[in-house]
Amino acid sequence: MQVGWSILLIIHGILAVFLLGAITHQAVGAAWPVTKKGSGFFQSVRGVNGMSYTNAVIILFVVTFALGTIIYPTYRVSVRTVLQEYRFFKPEGMFEMKEHLLALSLALLPIYWLLWHKASAANRMARTAVTSIIAVAVWWSFLTGHIINNIRGFGS
Amino acid sequence: MTKAERLAAIFAIAFAIIYAPTMDYNWTAATYHPIQGIWQWGKAAPLGGGSPAMYWYGFVITSALGAAVVTGLAALIPDSLLDRVPWRSLTWLVPLCAIIFIGYVLFPYATKG
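Caption draft 1: Quick look at the overall build of chain B. Summing up its helical and strand segments, chain B has 5 helices and 2 strands in all. In chain B, the order of α-helices and β-strands from amino to carboxyl end is α-β-β-α-α-α-α. In terms of overall dimensions, chain B is more spread out than a globule: its C-alpha atoms have a radius of gyration of 17 Å, far above the 13 Å expected for 113 residues. Across its three principal axes, chain B shows a C-alpha extent of roughly 55 × 35 × 15 Å. Residue burial in chain B is summarised as follows: out of 113 residues, 33% are buried. Within chain B, contacts between residues at least 6 apart in sequence are counted, and of these 69% link residues at least 24 apart.

So this is what it looks like as structure tokens:
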């Protein structure tokens, strides 16, 4: 049974990496678009077509979120109790923030899709802000998951 | 702004407005007891024997149902009235304020220990 949860956690982590890459490219491209053509790494990152990432971000977010909700009870029973026992309040608080950030981001997905589906100069500010909020939530969640896994993860 | 965009914005805004007090005051719609694998409606105390009670699923259910009701009611309001509200700005400003509020509520985690 323990092996099954570990496999789910690893899949959750791998999908989170894909999501992190996709949403970061899109957020950078939206917030810091290229103004003139050029070559190089940063120009390429800034010059991505954000629209092409939208469906992938939504699918990855929903699947990663769903896997997270499945393994969440294991965290609550086997990991959070240890964090409290050893008085690791900061990682515990980071995880609390992670679950709230992701819930709020989940509710933003319909408007996120519509803003990118009908991308225009008029909705650029809202599109950039919504994408950035989701990107920050994903980064926070990824780093928190990584820290929690370091404290009490696979094989501990 | 299309009607679909407006309603999606209203859903996100309503979700954030409902979610912030829900997590603070524990207005959970359901409680899950992970050791026993039991679901209970509303806020329930831990069942004992060291078993925790999980409320977060209930926070999401409370907020999603509440936001769905608000969005449904907003769909009945004439477009001419709703057009006067800056939905595009509110759709990210309100969730941002909710995040700041939640950060404030959780701040004791950063200072204790």
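Still more to cover.
Caption draft 2: Quick look at the nonpolar core. Leu108(A), Val130(A), Ala12(B) and Tyr19(B) are the most contacted members of the largest nonpolar core, which totals 60 residues. If one sorts the elements of this core by residue count, helix H4 (residues 89–117) of chain A sits on top with 15 residues.

Caption draft 3: Structural view of the interface of chain A and chain B. At the junction of the two partners, chain A supplies 25 residues and chain B supplies 34 residues. Taken together, the elements giving at least two residues each to the side of chain A that touches chain B come down to helix H3 (54–85), H4 and helix H5 (124–152) of chain A. Broken down by element, the residue count for the side of chain A that touches chain B peaks at 16 residues, all from H4(A).

Caption draft 4: Representation of unusual backbone geometry within the structure. Positive phi, close to 55°, is recorded for Arg87(A), a residue that is not glycine. Following the sequence through the fold, Arg87(A) ends up in the loop between H3 and H4. Unusually for a residue other than glycine, Asn26(B) sits at a positive phi of about 60°. One can find Asn26(B) in the loop between helix H1 (3–25) and strand E1 (30–33).

Caption draft 5: Region of the structure containing helix H4 (residues 87–106) of chain B. Between its first and last C-alpha, H4(B) extends 28 Å over 20 residues, near the 28 Å set by a 1.5 Å rise per residue. Within H4(B), burial applies to Trp87(B), Arg88(B), Thr91(B), Trp92(B), Pro95(B), Ala98(B), Ile99(B) and Ile102(B). In an axial view of H4(B), the angular spread of the buried residues amounts to 150°, which keeps them on one side of the axis. Facing away from the buried surface of H4(B) by more than 90 degrees, the exposed residues are Ile100(B) and Tyr104(B). Buried positions along H4(B) lie against H4 and H5 of chain A together with H1 of chain B.

Caption draft 6: Focus on the confidence of the model for chain A. The predicted model of chain A has a mean per-residue pLDDT of 92, with 97% of residues at 70 or higher. Mean pLDDT values over the elements of chain A span from 81, in helix H2 (residues 41–46) of chain A, up to 97, in H4(A).

Caption draft 7: Geometry of the packing of H1(B) against helix H2 (residues 56–74) of chain B. All names here are of chain B. Look at H1 against H2: their axes get within 8 Å of each other, and the N-to-C directions meet at 140°. Between H1 and H2, the crossing angle belongs to the class labelled oblique. Here H1 runs over H2; the crossing is right-handed. Across the interface between the two elements, Leu7, Ile10, Phe11, Ala14, Phe15, Ile18, Tyr19, Thr22 and Met23 from H1 touch Phe59, Thr62, Ser63, Ala64, Gly66, Ala67, Val70, Thr71 and Ala74 from H2.

Cut-offs applied
Here the residue index of a chain counts from 1 through its sequence in written order. Chain A is the first chain written and ligand 1 is the first ligand written, with later ones labelled in order. Residue-level local features of this predicted model are given only where pLDDT is at least 70; pairs of side-chain atoms are given and counted only at 80 or more, and the full residue set underlies all totals for whole chains, interfaces and linings. Numbering goes from the N terminus for both helices and strands, where a helix is a DSSP run of H or I of at least four residues and a strand is a run of E of at least two. For the radius of gyration, the atoms used are the C-alpha atoms, and the globule rule reads 2.2 Å times the number of residues raised to 0.38. Burial is judged by counting the other C-beta atoms within 10 Å of a residue's own C-beta: 20 or more makes it buried, 12 or fewer makes it exposed, and any count in between marks it as partly exposed, with every C-beta position built from the backbone. Placing a C-beta atom from the backbone of each residue, one calls two residues in contact when those atoms lie within 7 Å. A set of buried Ala, Val, Leu, Ile, Met, Phe, Trp, Tyr and Cys residues, joined through C-beta atoms within 7 Å, is what we mean by a nonpolar core. What a helix is expected to span follows from its residue count: subtract one and scale by 1.5 Å. Starting at the helix axis, one direction is taken to each C-beta atom, and the arc is that of these directions. Confidence scores here are pLDDT values: one per residue, from the predictor, ranging 0 to 100. A fitted line through C-alpha atoms serves as each axis, taken over the contacting stretch for helices, and the angle formed by two N-to-C directions is quoted from 0 to 180°. Angle categories are assigned with fixed cut-offs, so that under 35 degrees is roughly parallel, over 145 is roughly antiparallel, 65 to 115 is roughly perpendicular, and the rest are oblique. Crossing handedness: left-handed means the near helix sits turned counterclockwise from the far one by under a right angle, and right-handed means the same turn made clockwise.

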